[in-house]
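A structural walkthrough
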Amino acid sequence: MHETLSEFLKGFGEQIVTFKGFACAFALLFVDFCAIAIFCKSYSEKKFCHKKWNRRFEYLALVDENRVIPIENSEILLGRHRSSDIQFPDLSVSRYHAVLTFSDGILLLDDLNSKSGTYVNGKRIKSAVIKINDEIRIGAMIFSIKKIKDGDNGKRKKEA
């Protein structure tokens, strides 16, 4: 009986080692599968959010007398500095003048303590909700938020 018990324990030990290897391999495969599932889900959510953004803002732009600038980000820095998202070369515009933000379905314009101020429809603001066709003045630069649409040739045009 002594030999059979030692043989039993030896066989049982080998089975435990085999089981540990199997359990570790299974755990690694499970973790890899979960990581792939999370990656796929986040990718699909990113695509959904991008489509939602495009539906909401693909036809909005900042329009002045010289240019039409599509709104393509949820936060746009307006100013004279090269790092600004939209640059105005006018010295009446501060380097970091204002920021245009889209959040919770609202387009918001915030003045960044500029010297010459930020105006919406003729009123100086610190922060204001922006609507389509609002006139915005930053320094001496005047522009507005307009709806635009794609033309037949793929170029963006102002909506009449």
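Quick notes on the rules
Residues numbered from 1 in each chain as written. Predicted model: local features only at pLDDT ≥ 70, side-chain atom pairs only at ≥ 80, totals over all residues. Heavy atoms only, no water. Helix = DSSP H or I, 4+ residues; strand = E, 2+ residues; numbered from the N terminus. Buried < 20%, exposed > 50% of the residue type's maximum accessible area, 1.4 Å probe, protein only. Polar contact = N/O pair within 3.5 Å; in protein donor to acceptor, adjacent residues only side chain to side chain. 1 Å grid on protein atoms, 1.4 Å probe; cavity = no way out; pocket = protein on both sides within 12 Å on 5 of 7 lines; lining within 4 Å. Points joined across faces, edges and corners; volume = space filled by probe spheres on them. Nonpolar A, V, L, I, M, F, W, Y, C, P; charged D, E, K, R; others polar. pLDDT = per-residue confidence, 0-100. Contact = heavy atoms within 4.5 Å. Core = buried A, V, L, I, M, F, W, Y, C linked by side-chain atoms within 4.5 Å. Pairing = 2+ DSSP bridges.

Some details on the side chain of S114
One can find S114 in the loop between β6 (106-111) and β7 (118-120). Classification of S114 by relative accessible area gives buried; the value is 7%. Side-chain polar atoms of S114 contact the side chain of D111, separated by 2.6 Å. A distance of 3.2 Å separates the side chain of S114 from the backbone nitrogen of G117, its partner in a polar contact.

Describing empty space enclosed by the protein
Across all of its chains, the model carries one cavity of 30 Å³ or more by this definition. Taken as a whole, the largest cavity encloses approximately 30 Å³ of empty space. As for the largest cavity, its lining consists of L62, V63, D64, R67, I69, I86, F88 and F143. Here the lining of the largest cavity is composed, by residue class, of six nonpolar, no polar and two charged.

Brief notes about the confidence of the model for the protein chain
Summarising the model, the protein chain shows a mean pLDDT of 79, and 73% of its residues fall at 70 or more. Predicted confidence is poor over residues 151-160, with pLDDT under 50, and the contacts of this stretch with residues over four places away or in other chains come to 17 contacts.

Quick word on the nonpolar core
Within the largest apolar cluster, 23 residues are counted, with the highest numbers of intra-cluster contacts made by L62, L78, L100, L109, I130 and I145. Looking at this core, the elements with two or more residues in it are β1 (60-63), β3 (75-79), β5 (98-103), β6, β10 (135-138) and β11 (141-150). Among residues more than four places away in sequence, those in contact with L78 are L62, S84, I86, F88, Y96, H97, A98, L109, I138 and F143.

Overview of the pairing of β3
Where burial is concerned, most of β3 is hidden: four out of the five residues are buried. Direction of pairing for β3 relative to strand β4 (residues 86-87): parallel, over a ladder of two bridges. Paired with L78 across the bridge in β4 is I86.

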